[in-house]
Amino acid sequence: MDYNLASVPSLISHIHTLSAEFTGRRLAEKGNFVSSHGFILYLLSQRGRMKMGEVAQVINRNKSTTTVLIKKLRDEGLIKEEADESDSRMKYVSLTDKGKEYNTLTSAISRELLETYYKGFSPDEKDELLRLLVKLNGNIDATDSKK
């Protein structure tokens, strides 16, 4: 397909889909996981313990979808859930030792995806791409937050 300025949203969507499929294929080789599972594991490795609602917000999924994703990871022994001491309705999730080990695999998949993304890019081109995407993201965030 030939892309032009008007098709930038379509191109971004296409890249997102291909990235999710890439990650999903790699994760499927190691179990019955999807890219959102990998993203949750990555988040928890970076932030430690998180509220379920925070996870839903960051992965851009509704709470019921996030609950299903979390349940799968919990059933596989990769994360644990804990109730808040002052409000038992509030749930926190964090990585188990097994989840930390599995995160090594997801990190390798992420590195492989990044290598694929940046093949043939100079360091300056990578920096420029990041700068432009951050700017584009800011524009969308600013518009979305006005609702």
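Cut-offs and rules
- Once a new chain begins, its residue numbering starts again from 1 and follows that chain's sequence as written.
- Where local features are concerned, this predicted model is filtered to residues with pLDDT of at least 70; where side-chain atom pairs are given and counted, the filter is 80 or more; whole-chain, interface and lining totals use all residues.
- The basis for every side-chain value is the complete set of heavy atoms in the structure, and neither hydrogens nor water enter the calculation.
- Each helix is a run of H or I in the DSSP string that is no shorter than four residues. Each strand is a run of E no shorter than two, and both are numbered from the N terminus.
- Only strands that DSSP links by at least two bridges are regarded as paired with each other.
- By definition, residues are in contact when any of their heavy atoms lie within 4.5 Å.
- Helix axes are fitted to C-alpha atoms over the stretch in contact, other axes to C-alpha atoms as well, and angles between N-to-C directions run from 0 to 180 degrees.
- When a carboxyl oxygen of Asp or Glu is within 4 Å of a side-chain nitrogen of Lys or Arg, the pair counts as a salt bridge.
- We call a residue buried when its accessible area falls under 20% of the maximum for its residue type, exposed when it is over 50%, and partly exposed in between, using a 1.4 Å probe and counting protein chains only.
- One less than the residue count of a helix, multiplied by 1.5 Å, gives the span that helix is expected to have.
- Should an angle fall under 35 degrees it is called roughly parallel, over 145 degrees roughly antiparallel, and 65 to 115 degrees roughly perpendicular, with every other angle called oblique.
- Crossings are sorted by hand: turned counterclockwise from the far helix by less than a right angle, the near helix makes the crossing left-handed, and turned clockwise it makes it right-handed.
- The residue classification treats Ala, Val, Leu, Ile, Met, Phe, Trp, Tyr, Cys and Pro as nonpolar and Asp, Glu, Lys and Arg as charged. All others, Gly included, are polar.

Student: Give me the environment of Asp-87: which residues, what numbers.
Tutor: Within the element layout of this structure, Asp-87 appears in the loop between strand E2 (79-83) and strand E3 (91-95). Between the C-alpha atoms of Asp-87 and Lys-135, which are 48 residues apart in sequence, the distance is 39 Å.

Student: So what's going on with the sheet that holds E3? Which residues, and what values?
Tutor: The three strands are arranged E1-E3-E2 in an open sheet whose pairing can be described as antiparallel. Since the sheet does not close on itself, it has two edges, and those belong to strand E1 (50-51) and E2, each with one partner. As paired strands, E1 and E3 are joined by two bridges and run antiparallel to one another. Note that in E3 the partner of Met-50 across the bridge is Val-93. Relative to the sheet, helix H2 (residues 35-47) contacts E1, E2 and E3, its axis offset from that of E3 by approximately 90°.

Student: Go over the pattern of salt bridges with me, naming the residues and quoting the values.
Tutor: Evaluated as defined, the whole model comprises seven salt bridges. As a salt-bridge pair, Glu-112 and Arg-26 come within 3.0 Å of each other at their nearest N and O atoms. Of this pair, Glu-112 sits in helix H5 (residues 97-117) while Arg-26 sits in helix H1 (residues 8-28), and the two are 86 residues apart along the sequence. Residues Arg-74 and Asp-75 are paired through a salt bridge, measuring 3.4 Å at the closest nitrogen-oxygen approach. A relative accessible area of 33% means that Arg-74 is categorised as partly exposed. Connected through salt bridges with shared partners, the residues Lys-71, Arg-74, Asp-75 and Glu-81 form a single ionic network.

Student: How would you sum up H1? Please name residues and give values.
Tutor: Because the α-helix completes a turn every 3.6 residues, residues three or four places apart line up on one side. Relative to the 30 Å expected for 21 residues at 1.5 Å per residue, H1 spans 30 Å between its end C-alpha atoms, a close match to the ideal helical length. For H1, every residue scored as buried is listed here: Ser-19, Phe-22, Thr-23, Gly-24, Arg-26 and Leu-27. At its buried positions, H1 is contacted by H2 and H5.

Student: Go over the packing of H1 against H5, please, and point to the residues and values.
Tutor: For any two helices packed against each other, one specifies the inter-axial angle together with the distance between the axes. The N-to-C vectors of H1 and H5 enclose an angle of 140°; their axes lie 10 Å apart at closest approach. On the basis of their axis angle, the class for H1 and H5 is oblique. At the point where H1 passes H5, the crossing takes the right-handed sense. Each of Ile-15, Ser-19, Phe-22, Thr-23, Arg-26 and Leu-27 in H1 lies in contact with H5, whose residues at this interface are Tyr-102, Thr-106, Ile-109, Glu-112, Leu-113, Thr-116 and Tyr-117. Classifying every residue of the contact of H1 with H5 by side-chain character gives seven nonpolar, four polar and two charged.

Student: Can you break down unusual backbone geometry residue by residue, with the values?
Tutor: Its identity is not glycine, yet Asn-60 carries a phi of approximately 60°, on the positive side. Mapped onto the fold, Asn-60 is located in the loop between helix H3 (52-59) and helix H4 (63-75).

Honestly, it's all geometry; don't read function into it.
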